[in-house]
Amino acid sequence: MQVGIAYSAAGHQLWLTIEVPEETRVHEAIARSGVLKQFPDIDLAVQKVGVFGRLVKLDAPLRPGDRIEIYRAIIADPETVPRRDMPEE
């Protein structure tokens, strides 16, 4: 079955589609994708992962067409950063 892997780092974005066996778990697909070699700073013990925007555990089973997202930590507190409103036209 095919699944997608998405990750975004400062200045880099990764979107892969890989073929995995049925009953593959999230952590297995991430390992097969090679993203951990491309981005050695990814720490799955700390970073959260999701499928289509919903948080999942690393041992969650995948379905055909799922998109695994590896999330980065938020560096700025949204409550303390000034809001950038779009200028009115």
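Our structure's up above, just so we're on the same page.
Residues numbered from 1 in each chain as written. Predicted model: local features only at pLDDT ≥ 70, side-chain atom pairs only at ≥ 80, totals over all residues. Heavy atoms only, no water.

How should the overall build of the protein be read in this particular structure?
Of the regular secondary structure elements, the protein holds two helices and five strands. Listing the helices and strands of the protein from first to last along the sequence gives β-β-α-α-β-β-β. With 89 residues in all, the protein has 33% of them scored as buried. Sequence-distant contacts, at least 24 apart, represent 47% of the contacts inside the protein between residues at least 6 apart. A total of about 6900 Å² of accessible surface is found on the protein, and carbon and sulfur atoms cover 52% of it. (Helix = DSSP H or I, 4+ residues; strand = E, 2+ residues; numbered from the N terminus. Buried < 20%, exposed > 50% of the residue type's maximum accessible area, 1.4 Å probe, protein only. Contact = heavy atoms within 4.5 Å. Areas by Shrake-Rupley, 256 points an atom, 1.4 Å probe, with all protein chains shown as cover.)

Any chance you could explain the pairing of strand β1 (residues 2-9) here in plain terms?
Residues in a regular strand point their side chains to alternate faces of the sheet. Within β1, six of the eight residues are buried, leaving the element largely enclosed by the surrounding structure. Of the pairings in the sheet, the one linking β1 to strand β2 (residues 12-19) comprises eight bridges and is antiparallel in character. Looking at the pairing, I5 lines up with L16 of β2. Taking the residues that link successive antiparallel strands as the turn, the β1-β2 hairpin has two residues, and the phi of G11 there is positive, at about 85°. (Pairing = 2+ DSSP bridges.)

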